[in-house]
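Commentary on secondary and tertiary structure
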Amino acid sequence: MIENFDAKLNEYAHLLVEIGANVQAGQTVRLRPEVSCAPLARMCVEACYDRGAREVVLEWDDDFVFRQQFLRAADDVFVDWPAYKKAQMDWYLEQGAVDLSILGSDPELLKGVDPARMQAFRRAAGNATRAYADALDANKFQWCVAAHPVPAWAKKVFPDLSEQDAMDALWDAIFAVCRITGDGKAVERWREHIDTTARRCEALNAYAFKSLHYTNSLGTDLTVQLPENHVWAGGSEKTPAGVEFVPNMPTEEIFTAPRWDGVDGRVYAALPLAMDGNLVRDFYLDFQAGRIVDVDAAEGEDILRRSIDLDEGSHYLGEAALVPYDSPIRNKGILFYETLFDENASCHLAFGSSYPTCVKGGADMTEEEQKAAGLNQSITHVDFMVGTADLSIVGTTHDGKEVPVFVNGNFAF
Ligand code: ZN
Ligand code: ZN
């Protein structure tokens, strides 16, 4: 039993609608919850209409049905993306709809599914929904991703607890890292957190580093060049119309885009990477002129290689993110098996697409211009954790000055 559960759930719904998606009067909302999240989803629907939403369109996900489809549907289902689905995405785009997703998945949902089928599906879906995904990455409309426990996920995180205790423990953890206490003030606490993050971004943007050098005792020795005019962002984002929103709930990271062709050396993963129900463990990536030229993993190497081989851009980095080792999420000491949380436990990098807003004016550039500016393009984006307690990051400015950015896993300033 969680004390004050309904009050906390309601505080969570308001946090997602007011701070996460920041739904505006007259806006259409695309709400995507898993079926087991129905009580939270309904509270979100109420909160959206309280703010004057035009319409809340529900797209229920059902994990059971999703798995059955992957195991039993005909092969061509995974190759051809239906036109009506694409038309729906285009309609949301025309509406300028807000996109609010509430994940709640068994981390092993797709275990045993043919990886070739998954790759075909990702490719078909990725290509068909490219315009929508690009607009989302460029923050053309508000979007927010949050999570909700489900029993299989809770048991994966807390294998020694009963199902009910595991669910309670996972709820407690999610409430804690989302700064929800039941006092109804999470929205205020998030405004403060967003301000602190913004101050750090300003400091990093003022340095305008040419490159970052990562080292630690695992053996990481990686140089990451940053595009000229790169922008560090974190906490909240703004749409072109100036509506502030928080894309990931929770979030602790400050991130930018590496130069896609400017990464050299080796980086070791600090945490296992959960991918499609599998874990990739103890891996490193080698880079030359930005390209991943070698990969080694103690476990799950095939899964990792397939996701790097998805398209040309997935061979290059698209994100470099800074998260203090002393973050509320890592301090929980839990591996969530869910990137939304785990990426906020550690400094991370991502291979695949970059966020165009990570370069000044990037959102309004053509693909060619983005590439020339240093931004990477791909239909995928996979975060992996590299932050350890002894991680050092040294920034080099354009006039050759070296500035410690991270010392012993935490911000140096
Ligand atoms: Zn990130
Ligand atoms: Zn990322």
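Here we summarise the structure given alongside this text. Source: prediction; values computed, not measured.

Attention now goes to a nonpolar patch on the surface. Where nonpolar side chains cluster on the molecular surface, the patch consists of Val35, Leu58 and Trp60 and spans about 240 Å² of accessible area. Residue placement: Leu58 occurs in strand β2 (residues 55–58). For Leu58, a relative accessible area of 30% corresponds to the partly exposed category.

Bringing the coordination of the zinc ion (ligand 1) into the picture now. Protein ligation of the zinc ion (ligand 1) involves Glu253 (OE), Glu253 (OE), Glu319 (OE) and His348 (NE2), the donor distances falling in the range 1.9 to 2.7 Å. Between consecutive donors of the zinc ion (ligand 1), the numbers of intervening residues give the motif E-x65-E-x28-H. In this structure, the zinc ion (ligand 1) lies 3.3 Å from the zinc ion (ligand 2), and both are coordinated by Glu319. Taken together, the residues span a long stretch of sequence, with Glu253 in the loop between β9 (244–245) and β10 (254–256) and Glu319 in strand β15 (residues 317–322) at a distance of 66 residues. For Glu253, a relative accessible area of 4% translates into the label buried.

Along helix α10 (residues 301–308), the residues that are buried comprise Ile303, Leu304, Ser307 and Ile308. End-on view of α10: buried residues confined to an arc of 130°, all on one side of the axis. In this fold, the buried residues of α10 make contact with β12 (273–275), β13 (278–288), β14 (291–299) and β16 (348–352).

Cut-offs used in this document
- Residues numbered from 1 in each chain as written.
- Chains lettered and ligands numbered in written order.
- Predicted model: local features only at pLDDT ≥ 70, side-chain atom pairs only at ≥ 80, totals over all residues.
- Heavy atoms only, no water.
- Patch = residues over 30% accessible without salt bridge, like charges linked within 9 Å, V, L, I, M, F, W, Y side chains within 5 Å.
- Areas by Shrake-Rupley, 256 points an atom, 1.4 Å probe, with all protein chains shown as cover.
- Salt bridge = Lys/Arg side-chain N within 4 Å of Asp/Glu carboxyl O.
- Helix = DSSP H or I, 4+ residues; strand = E, 2+ residues; numbered from the N terminus.
- Buried < 20%, exposed > 50% of the residue type's maximum accessible area, 1.4 Å probe, protein only.
- Donors = N, O, S within 2.8 Å, 3.2 Å for Na, K, Ca; no water.
- Arc of directions from axis to C-beta.
- Contact = heavy atoms within 4.5 Å.

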